[in-house]
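The residues making up each chain are set out below.
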Amino acid sequence: MRIGIVNDLALAREVLRRVVASVPGHTVAWTADDGDEAVRLATSDRPDVILMDLVMPRLNGVEATRQIMQHAPCPILIVTASVTTNFPLVFQALGAGGMDAVDTPTLGPTGAIQNATKLVERLQKLEAALDWQSGSMIAPASRVAAPSNDLPLLVTVGSSTGGPEALIHLVGAFPEDFPAAVIISQHIGADFALGLVQQLGSWCRLPVRAAREGEPPVAGTVYIAVSDDHLELGADRRLHYTPVPRHWPYRPSVDVLFTSASTNSSRPGVAALLTGMGTDGSTGLLRLRAAGWHTIAQDEATSVVYGMPKAAAEKRAAVEVLPLPHIGLSIVAKINALKRQRPC
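Attention in this report is confined to the structure presented alongside it. Remember, predicted model here, so these are calculated numbers, not experimental data.

The next subject is the overall build of the protein. Helices and strands together make up the secondary structure of the protein, namely eleven helices and 16 strands. A globule of 344 residues ought to have a C-alpha radius of gyration of about 20 Å, and the protein, at 20 Å, matches this closely. Buried residues in the protein amount to 57% of all 344 residues. Contacts in the protein between residues far apart in sequence, at least 24 positions, make up 71% of those at least 6 positions apart. With the model as given, the accessible surface of the protein reaches about 13,900 Å², and the carbon-plus-sulfur share is 52%.

As a further point, take the pairing of strand S12 (residues 230-233). Within a regular beta strand, the side chains point alternately toward one face of the sheet and then the other, so they alternate between its two faces. What you see with S12 is no split at all: His230 and Glu232 on one side and Leu231 and Leu233 on the other are buried throughout. With four bridges connecting them, S12 and strand S13 (residues 239-242) associate as antiparallel partners. By the bridge assignment, Glu232 is partnered in S13 with His240. Counting the residues in the hairpin turn of S12 and S13 gives five residues, including Arg237, whose phi is positive at 65°.

The subject of this paragraph is the environment of Leu322. The residue Leu322 is located in strand S16 (residues 320-322) in this model. A residue is classified by how much of its surface remains accessible, and Leu322, at 14% relative accessible area, is buried. The spacing of Leu322 and Ala301 is 21 residues in sequence and 9.5 Å in space, taken between C-alpha atoms.

Quick look at the nonpolar core now. If you look at soluble globular proteins, the nonpolar side chains tend to sit buried side by side. Core analysis: the largest hydrophobic core is formed by 108 residues, its most contacted members being Leu51, Met52, Phe178 and Ile331. Broken down by element, the residue count for this core peaks at six residues, all from helix H11 (residues 324-341). Setting aside chain neighbours within four positions, we find Phe178 in contact with Val155, Leu206, Ala219, Gly220, Ile331, Val332 and Ile335.

Our next topic: the sheet that holds strand S14 (residues 270-273). With parallel pairing, the seven strands of this open sheet are ordered in space as S10-S11-S9-S8-S14-S15-S16. Two strands in the sheet have a free side with no partner beyond their single neighbour: strand S10 (208-210) and S16. Across this sheet, the average inter-strand angle for adjacent strands is 20°, counted without regard to direction. Note that S14 and strand S15 (residues 294-298) share four bridges and pair parallel.

Time to look at the pattern of salt bridges. Applying the stated criterion to the full structure yields nine salt bridges. A salt bridge links Asp100 to Arg122, with the shortest nitrogen-to-oxygen separation between them at 2.9 Å. Linking Asp100 in strand S5 (residues 100-103) with Arg122 in helix H5 (residues 117-131), this pair joins segments that are 22 residues apart in sequence. Note on accessibility: Asp100 and Arg122 belong to one class, buried. Arg251 serves as the salt-bridge partner of Asp229, at 3.7 Å between the closest nitrogen and oxygen.

What follows concerns the environment of Gln341. Summarising the element assignment, Gln341 is placed in helix H11. In this structure Gln341 comes out as exposed when scored by relative accessible area, which is 59%.

The rules behind each value
Residues numbered from 1 in each chain as written. Predicted model: local features only at pLDDT ≥ 70, side-chain atom pairs only at ≥ 80, totals over all residues. Heavy atoms only, no water. Helix = DSSP H or I, 4+ residues; strand = E, 2+ residues; numbered from the N terminus. Rg over C-alpha atoms; globule rule 2.2 N^0.38 Å. Buried < 20%, exposed > 50% of the residue type's maximum accessible area, 1.4 Å probe, protein only. Contact = heavy atoms within 4.5 Å. Areas by Shrake-Rupley, 256 points an atom, 1.4 Å probe, with all protein chains shown as cover. Pairing = 2+ DSSP bridges. Core = buried A, V, L, I, M, F, W, Y, C linked by side-chain atoms within 4.5 Å. Axes fitted to C-alpha atoms, helices over the stretch in contact; angles between N-to-C directions. Salt bridge = Lys/Arg side-chain N within 4 Å of Asp/Glu carboxyl O.

What follows is the structure, given as structure tokens:
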């Protein structure tokens, strides 16, 4: 892969150059010392991936990410001195189209590069996703026979590139008395997922929680996948994490969540597939529609990347294709209609 490096510090650019050179098959396409230069270079010479710093003079990493995704879209990995310290900016950058975030590796006292493992893992993960050839999804295995107790109404949501900001708009539409459990799978590293839970919790009237292994979904609660494994609804009607399919590059996978809900939910619910690069979720959304669910895909005009929802629309997996501001309202209206048909 050809990698673009954006950082205003010469030492940081050199460290990143060495890390990229250490990964077989990876080369540095160009380096930029601020966001303005990054936008110009990406437009004239689009690389496979960009490593984007956040705090820079003139144009910061958030706005540079937003402009690149508008004019020369490509995978952007946020690489900043401290993800924790810069969390508000990181969250904005992910909403603008960044795919993930890691701390910048550093140079140790002996000259050796330190803390590069997570960056290398993210680059390899991106390479796997870019090289992935679409094929048959392996449906999650059922765990145990379904018990007699029933599930609440369910809303399942999948998102990727640009998803954190889209999810803010979505969960903000849910009222305090929302009679469904909401389960969200967002492509994001496990070490950043808890921050997503906190951010969404500040915008949502419902409690937003990290999904825990083995817990049953409860109406009026939002659950977020917080593992590099996939979140699924088991045949025991509880939430579980599974590593299968192991070689699926999108983690946590939307297709795994959607497919498990189509198999193991006791009645139809509502599903939404939001902005994202790739095709993850489109097959699962089609299975949900076939199972009688009301399915929604985000439209092109409001998507940061019209990849996943486009794939769903092309497969006719979505009953509705809607702009982002209308999706939450549509979910609420449909869930209320389902509740009237069969009270919870």
